[in-house]
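Inside the fold
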Amino acid sequence: MPEEKTLRLILGDQLNIGHGWFARIRKDIIYVLMEERQETDYVKHHIQKIAGFFAAMRQFAFEITRQGHRVIYFRLDDPENEQSIEKNLQKLIKKEKFTRFEYLLPDEYRLDRQLEHIASRLTVPVAMADTEHFLTDRQDVKRLFKGKKRYLMESFYRHMRKKYGILLENGKPLGGKWNYDQRNRNRYDKAVPVPGVKVFNNDVSDIVEMIDRCGVKTFGNIEPNNLIWPVSRRQSLELLDDFTEKRLPYFGTYQDAMTSESWAMFHSRLSFSLNTKMLNPMEVIQAAIVQAQSKTGPKISIEQLEGFIRQILGWREYIRGIYWAHMPEYETLNHFDNKESLPDYYWTADTRMNCMRAAITQSLKHAYAHHIQRLMITGNFALLAGVDPNEVDGWYLGIYMDAVQWVEIVNTRGMSQFADGGIVATKPYVSSANYIRKMSDYCNGCFYKPDKSTGDCSCPFNSFYWAFLHRHRSKLEKNHRVSMMYRTWDRMKVDVRDDLVKQAQTYMAAINNL
Ligand SMILES: Cc1cc2nc3c(=O)[nH]c(=O)nc-3n(C[C@H](O)[C@H](O)[C@H](O)COP(=O)(O)OP(=O)(O)OC[C@H]3O[C@@H](n4cnc5c(N)ncnc54)[C@H](O)[C@@H]3O)c2cc1C
Ligand code: SF4
């Protein structure tokens, strides 16, 4: 009988050191991590995203090695690296005489299918294990909404609160309400200063040098000796502490607010740590609850706490459930049949639209924008301009630190672009300058005038907004959340409506110069 020897694969977003796999040190098990061209090249990525993933993978390999586990690590420029998961595995299994292969359930459809295919071609027995990260399994959302056309997040969220007993008192929601969103939509009024952004000064110059040397195409900025993102569990926990102590007390209040004064506001910036699984969602929820119960630090009201927990226990798990219920068709949905190209300034921030310039500049600088910037600035504009959802997806998947397809595509194609025709959102998230002026300070001093809809310096969001509604009337007017806007449109004089459509056409013709 040959000696039993197992090879276990860990993907770049499976850095869960609390996983049962690592509970015991076993000499008959070897872990493998690979930096692969297929991962750097499936879309053009922000340099910080690739450097951050590789740095976190290397740190993870270092930590489990220190614990006593046996690890094989393929760097991107390793001559032994075949740049193919399958070839690397085949070679290792043959050379090291492995008798068994195990991997963790991938979260991206692409990798899920690839590993299933690889597994079917290996000559050794294969087993797959759960990542022990999520609070639902892949099919929970689909099962919960069986036979329903719409998947209501609020129903799912209440189900999750009950399932895990979170923010409940005698089976009822703590404070009397399930959802405090109505009280959580304030503009930033400077009543409390935004705390300085907690950053890490990780030196990733060797990784950046390697990425360049290997010819990987990237975009965005980086200070190679000063990557600000957490690349280890320890740093992720420090970021979590910073959030619960300094930002959570105001998280809900300013959740939708935007200001030129701060690029992160009161948001947690935990998505990279969560999506790489350096942090577990339940420990993040519990840390928030513990801080809210603590006698020290600023008071954390139920509005703030519930608002934050809903993002993790509700939105994050719900989005994942939609992904698995609708892939692979989801990738092809284009409800409005949009075909335009993404304007050049998505890659350069070179635009006179202040709101777009602010959101894109910080995205290029930090690989981060918070939810409302993604949804109501860059996403809103792309939808109003009729951009092909494939291009929009490519951009969001490349630019953000936290972008992995299972969460990116449902947020982009579904919530932001309404390309799924309303599986996720009950209406398209489009707005004129009104919303942006109300929720931000971007309009102050902008080249364009938020209260002008036609003529010189009129805000492009205004004419685009009406032209969008006009263009898609047949698909939208029966939607009760939008129908009121059609009544407003119908009440306008014909020449006013014509001027709006003409203005939108003029701007559309010069879209790269706005
Ligand atoms: C067009 C678009 C694309 C997006 N792409 C991604 C993406 O690629 N990866 C990603 O993680 N999130 C994505 N989001 C959701 C959300 O914008 C980010 O999770 C959030 O901005 C991350 O910053 P944060 O950690 O500071 O979040 P916070 O505001 O502090 O929220 C806390 C956590 O809640 C979770 N969360 C909040 N909103 C959502 C949501 N809508 N969907 C899923 N989880 C949520 C995240 O894990 C986040 O870290 C996208 C949203 C939009 C509108
Ligand atoms: S005026 Fe228009 S383009 Fe300028 S910041 Fe306001 S919404 Fe954006």
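Concerning the site of ligand 2
- By nearness alone, every residue bordering ligand 2 is listed as Met 353, Asn 354, Cys 355, Ala 433, Ile 436, Tyr 442, Cys 443, Cys 446, Tyr 448, Pro 450, Cys 459 and Phe 461.
- Contributing elements (two or more residues each) for the shell around ligand 2: α13 (354–366) and α17 (433–439).
- Split into classes, the residues belonging to the shell around ligand 2 amount to 11 nonpolar, one polar and no charged.

Remarks on the sheet that holds strand β5 (residues 100–104)
- Read from one edge of the open sheet, five strands run β4-β2-β1-β5-β6, paired in parallel fashion. The open sheet has two free edges, formed respectively by β4 (70–74) and β6 (126–129), since each of these has just one partner strand. When the angles between neighbouring strand axes are averaged without regard to direction, this sheet yields 25°.
- One ladder, built from five bridges, connects strand β2 (residues 29–34) with β4; its direction is parallel. Opposite Ile 30, over in β4, you have Arg 70 as the bridge partner.

Things to note about empty space enclosed by the protein
- For the structure on display, the rule yields three cavities of 30 Å³ or more.
- Empty space within the largest cavity amounts to approximately 340 Å³.
- Every residue lining the largest cavity is counted, 22 residues in all, and those nearest its centre are Gly 12, Asp 13, Glu 39, Phe 53 and Met 57.
- Of all the elements in the fold, those that place two or more residues in the lining of the largest cavity are α1 (37–41) and α2 (47–67).
- No other element matches the five residues that α2 contributes to the lining of the largest cavity.
- Roughly 90 Å³ of internal volume is contained in the second largest cavity.
- Together, 14 residues line the second largest cavity, and Cys 355, Cys 443, Cys 446, Tyr 448 and Cys 459 are the ones closest to its centre.

A few points about the layout of surface pockets
- In this structure, the second largest pocket spans a volume of roughly 270 Å³.
- For the second largest pocket, the lining is made up of 17 residues, of which Leu 384, Ala 467, Arg 471, Gln 505 and Met 508 are closest to its centre.
- Looking at the lining of the second largest pocket, the elements with two or more residues in it are α18 (460–471) and α21 (494–509).
- Partitioned by chemical class, the residues of the lining of the second largest pocket number eight nonpolar, five polar and four charged.

Quick look at helix α10 (residues 281–293)
- Here α10 is 13 residues long and its end C-alpha atoms lie 19 Å apart, about the 18 Å a rise of 1.5 Å per residue gives.
- Contact partners of the buried residues in α10: α6 (153–164), α8 (233–247), α9 (271–275) and α11 (302–326).
- Of the residues flanking the start of α10, the one acting as N-cap is Asn 280, its side-chain oxygen 2.8 Å from the backbone nitrogen of Met 282.

Looking at the packing of aromatic side chains
- Applying the stated criterion across every chain, the model contains 35 aromatic pairs.
- Their ring planes at 20° and their centres at 6.3 Å tell us that Tyr 345 and Tyr 346 sit as a pair that is stacked. You'll find Tyr 345 and Tyr 346 in the same group, each marked buried.
- Seen in terms of ring centroids, Tyr 465 and Trp 466 are 5.2 Å apart; in terms of plane orientation they differ by 75°. Their pairing is edge-to-face. Of the two residues, Tyr 465 and Trp 466, neither departs from the other in class, the shared state being buried.
- Among the aromatic residues, ring-to-ring pairing joins Tyr 345, Tyr 346, Phe 381, Trp 395, Tyr 396, Tyr 400, Phe 461 and Phe 464 into one connected group.

Some remarks on the site of ligand 1
- Around ligand 1, a shell composed of 28 residues is seen, among which His 267, Ser 268, Arg 269, Asn 275 and Tyr 368 lie nearest.
- Take Ser 271: an N or O atom from its main chain is 3.1 Å from an oxygen atom of ligand 1.
- About the coverage of ligand 1: the protein hides 99% of its 820 Å² of free accessible area.
- Listing elements by their share of the shell around ligand 1, those giving two or more residues are α9, α11, α14 (371–384) and α16 (405–416).
- Looking at the shell around ligand 1 residue by residue, the class counts come to 13 nonpolar, 10 polar and five charged.

With respect to unusual backbone geometry
- Put simply, Met 327 and Pro 328 share a cis peptide bond, and its omega is 5°.
- Mapped onto the fold, Pro 328 is located in the loop between α11 and α12 (345–348).
- Even without glycine at this site, Met 265 takes up a positive phi of about 50°.
- One can find Met 265 in the loop between α8 and α9.
- Given the relative accessible area of 0%, Met 265 is considered buried.
- The backbone phi angle of Ala 349 is positive, close to 70°, even though this residue is not glycine.

Notes on the nonpolar core
- Residues Met 356 and Phe 381 are the most contacted members of the largest nonpolar core, which totals 146 residues.
- Ignoring anything within four residues of it in the chain, the contact list for Phe 381 reads Pro 343, Tyr 345, Tyr 346, Met 353, Met 356, Pro 460, Phe 461, Phe 464, Ile 511 and Leu 514.
- Of all hydrophobic cores here, the second largest spans 21 residues; its members include Leu 9, Ile 85, Phe 98 and Leu 122.

As for α21
- Helix length check: α21, at 16 residues, gives a terminal C-alpha distance of 23 Å against a target of 22 Å (1.5 Å per residue), a fit within 8%.
- When we look at burial in α21, the residues that qualify are Arg 497, Leu 500, Gln 503, Ala 504 and Tyr 507. Axial view of α21: buried residues confined to an arc of 125°, hence all on one face. Seen from the buried face of α21, the exposed residues on the opposite side, beyond 90 degrees, are Val 494, Lys 502, Gln 505 and Ala 509.

Calculation rules
- Residues numbered from 1 in each chain as written.
- Chains lettered and ligands numbered in written order.
- Predicted model: local features only at pLDDT ≥ 70, side-chain atom pairs only at ≥ 80, totals over all residues.
- Heavy atoms only, no water.
- Near = heavy atom within 4 Å.
- Helix = DSSP H or I, 4+ residues; strand = E, 2+ residues; numbered from the N terminus.
- Nonpolar A, V, L, I, M, F, W, Y, C, P; charged D, E, K, R; others polar.
- Pairing = 2+ DSSP bridges.
- Axes fitted to C-alpha atoms, helices over the stretch in contact; angles between N-to-C directions.
- 1 Å grid on protein atoms, 1.4 Å probe; cavity = no way out; pocket = protein on both sides within 12 Å on 5 of 7 lines; lining within 4 Å.
- Points joined across faces, edges and corners; volume = space filled by probe spheres on them.
- Expected span 1.5 Å × (residues − 1).
- Contact = heavy atoms within 4.5 Å.
- Polar contact = N/O pair within 3.5 Å; in protein donor to acceptor, adjacent residues only side chain to side chain.
- Phe/Tyr/Trp six-rings, centres within 6.5 Å; stacked < 30°, edge-to-face > 60°.
- Buried < 20%, exposed > 50% of the residue type's maximum accessible area, 1.4 Å probe, protein only.
- Areas by Shrake-Rupley, 256 points an atom, 1.4 Å probe, with all protein chains shown as cover.
- Core = buried A, V, L, I, M, F, W, Y, C linked by side-chain atoms within 4.5 Å.
- Arc of directions from axis to C-beta.

Keep in mind these numbers describe shape, not what the thing actually does.
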